[in-house]
Amino acid sequence: MVSDLTHIHRLMSMQTGDEKHDWSAYSTLDVLWVLYDLVLRYDAKNPRSEERDRFVLSKGHGPIAFYAILADKGFFPVEQLKNFERWEGILGGHPDRNQVPGVEASTGSLGHGLPMAVGMALALRAKKSDRRVFVLVGDGECNEGSIWESILLAGNRHLSNLTCIVINNHSSPLDLGDLAAKFAVFGWAASTINGRDHEQIYSALSQVYPDRPTAVIAEIERKQS
Amino acid sequence: MTITMRQQMGLTIEELFEQDERLALVLAEISTDFFRRLLREHPQRALNLGILEQTMISVAAGMAMEGFIPVVHSITPFLVERPYEQIKDDFCYQRLGGNFISTGGSYDYSTEGMTHHGPADVPILRNLPGMQIVVPGTPREFDRLFRAAYANGAPTYFRLSVTSNPVEYPVTFGKLEVVKRGTQATVIAVGPALARVLPAVADLDVMVLYCTTVAPFDAGTLRAVSESDNIVLVEPYYEGALVADVCAAMQHRRVRIETIGVPRVVLSHYGEPEQHDEAIGFTPRGIRQRIERFLYS
């Protein structure tokens, strides 16, 4: 499975004015593309539809790939990308749910998005909805205590409607060891994939386990200095 | 039979839970005995998550995003101070409604030491845009104020206390109540402070306003009824939280303000809450002395 992301690169460049994509954003590009192109259910013209799957960019950092894909999929006009981080724009350095169509949660402070996604998953279960919740965290974000509180809680609650994607671009200052093994001992179905391989991404994100939340550790190459 | 504010919380939430399917209860192991039936009969929206207070607030926010009206409850420092950033980011910044009910105001947990004290709760929450703050003085007042505000779409903090005022007032959310008329000063008594203020000023020519909604503050009533430019704030948490609101309300007058409440010091003693009251002068006698000094010396 090969996807040409040239048009997304162009939309990312519209925001920054150059082709040197922020590493935090570029690390998420392939996973977000496959998620929005093939996996996630949504209606860009009705972004708060009850029938949608939810996606939370937990780390909030580096949103230009996220914004580029939302624009490409029709959530807001592509022209908005030119106003990235500008006074007159809606696209900030971290996403705001009250300004950007398609953004479920305002994030930026690390360690908030995953527990909010756990709350969404619990709420969807209470509403007897079959929709799924996807949440993307960074490996650096996995230093935060609230991430591990939430991993413990989601495993205990058997939140099968929750999928957590860890973008492991090796930015964590602490050695996280085998992340998939850690998720597994907290009660998750966890796998490690190549975060640039669209077939592996699609396969991992399509999996739902009846009694466990899903963790996908997406390995990304180290940033070249 | 008299009940505590905490017991009233259990009764009020339990009754509303049956009437309003939007309500969700989110606990972190505290007060589970007060909600045993809800936790048993409504396991999908009455949740005891475990001892994880940061996640408790964020989970409640996630549920609010899905249309629920969360009620989050814990002991004051674990509800307000530990997850303060979660309240700020996950409720205020997201513009979500939700209810945060604390137990153990200031040094109510006097025997447990300062880790379990919470006199900073109202002052720090007052800094959050959109945050409503309610300080009831009796269990029935909590019931009345909670029913009035819980579903109004704003994040709302309800501060419960161990001590209650002996007299109830027909309080209204967002309004100051005039409980005594007078001309030489206007004393604003917040929540359970009223029980100390009324005996302190019984024979003084001062007005007493009873405040159970700290935010939004009822500036209009203060401006309209106060006959004096001497304002005395008596607050049962760190003193002076309402100074900015009083200044804003009285901005065209030259007001003098005295703040009486909990001083910002490390409290190293244990014992009973009343012993702490005595030590810091938060008693009718201590409040009387402060007001007399403010007015006459």
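Throughout what follows, the structure given in this document is the object of discussion.

Reading guide: rules and limits
- Residues numbered from 1 in each chain as written.
- Chains lettered and ligands numbered in written order.
- Predicted model: local features only at pLDDT ≥ 70, side-chain atom pairs only at ≥ 80, totals over all residues.
- Helix = DSSP H or I, 4+ residues; strand = E, 2+ residues; numbered from the N terminus.
- Buried ≥ 20, exposed ≤ 12 C-beta atoms within 10 Å, placed from the backbone.
- Pairing = 2+ DSSP bridges.
- Axes fitted to C-alpha atoms, helices over the stretch in contact; angles between N-to-C directions.
- Contact = placed C-beta atoms within 7 Å.
- Nonpolar A, V, L, I, M, F, W, Y, C, P; charged D, E, K, R; others polar.

## Focus: unusual backbone geometry
All names here are of chain B.
Stage number 1. Note the cis peptide between Ala 215 and Pro 216, where omega equals 0°.
Stage number 2. Looking at the element boundaries, Pro 216 is found in the loop between β10 (213-215) and α9 (219-225).
Stage number 3. A positive phi angle, near 45°, is found at Ser 106, a position not held by glycine.
Stage number 4. Within the secondary structure, Ser 106 sits in the loop between β4 (98-103) and α6 (121-125).
Stage number 5. Judged by C-beta crowding, with 29 C-beta atoms within 10 Å, Ser 106 ranks as buried.

## Section: the pairing of strand β1 (residues 54-57) of chain A
All names here are of chain A.
Stage number 1. Alternating residues of β1 divide into Arg 54 and Val 56 and Phe 55 and Leu 57, and every residue in both groups is buried.
Stage number 2. The sheet contact formed by β1 and strand β2 (residues 133-138) spans four bridges and is parallel. Across the sheet, residue Phe 55 finds its bridge partner in β2, namely Phe 134.

## Examining the sheet that holds strand β1 (residues 23-27) of chain B
Think of a sheet as strands paired side by side through backbone hydrogen bonds, with each pair either parallel or antiparallel.
Residue and element names in this part refer to chain B.
Stage number 1. One open sheet holds the seven strands; their spatial order is β2-β1-β3-β4-β6-β5-β10, and the pairing between them is mixed. In this open sheet, the two edge strands, each paired with only one partner strand, are β2 (46-48) and β10. Looking at each pair of strands side by side, their axes are set apart by 20° on average, direction ignored.
Stage number 2. Bridging between β1 and β2 involves three bridges; their strand directions are parallel. Counterpart to Val 26 in the pairing with β2 is Leu 47.

## Regarding the interface of chain A and chain B
Stage number 1. The interface is formed by 23 residues belonging to chain A together with 24 residues belonging to chain B.
Stage number 2. For the side of chain A that touches chain B, the elements supplying multiple residues, two or more each, are α5 (113-126) and α6 (145-156) of chain A.
Stage number 3. The residue makeup of the side of chain A that touches chain B, split by class, is eleven nonpolar, seven polar and five charged.

## Observations concerning the sheet that holds strand β12 (residues 256-262) of chain B
Residue and element names in this part refer to chain B.
Stage number 1. Strand order in the open sheet formed by five strands is β7-β9-β8-β11-β12, and the pairing between neighbours is mixed. If you trace the sheet from one side to the other, it starts and ends with β7 (176-180) and β12, each paired once. Sheet twist, expressed as the average angle between the axes of neighbouring strands with direction ignored, equals 25°.
Stage number 2. The pairing of strand β8 (residues 186-190) with strand β11 (residues 230-238) spans four bridges and is classified as parallel. Directly across from Val 187, in β11, lies its bridge partner Val 232.
Stage number 3. Across the sheet, helix α12 (residues 284-296) is in contact with β11 and β12; its angle to β11 comes to roughly 150°.

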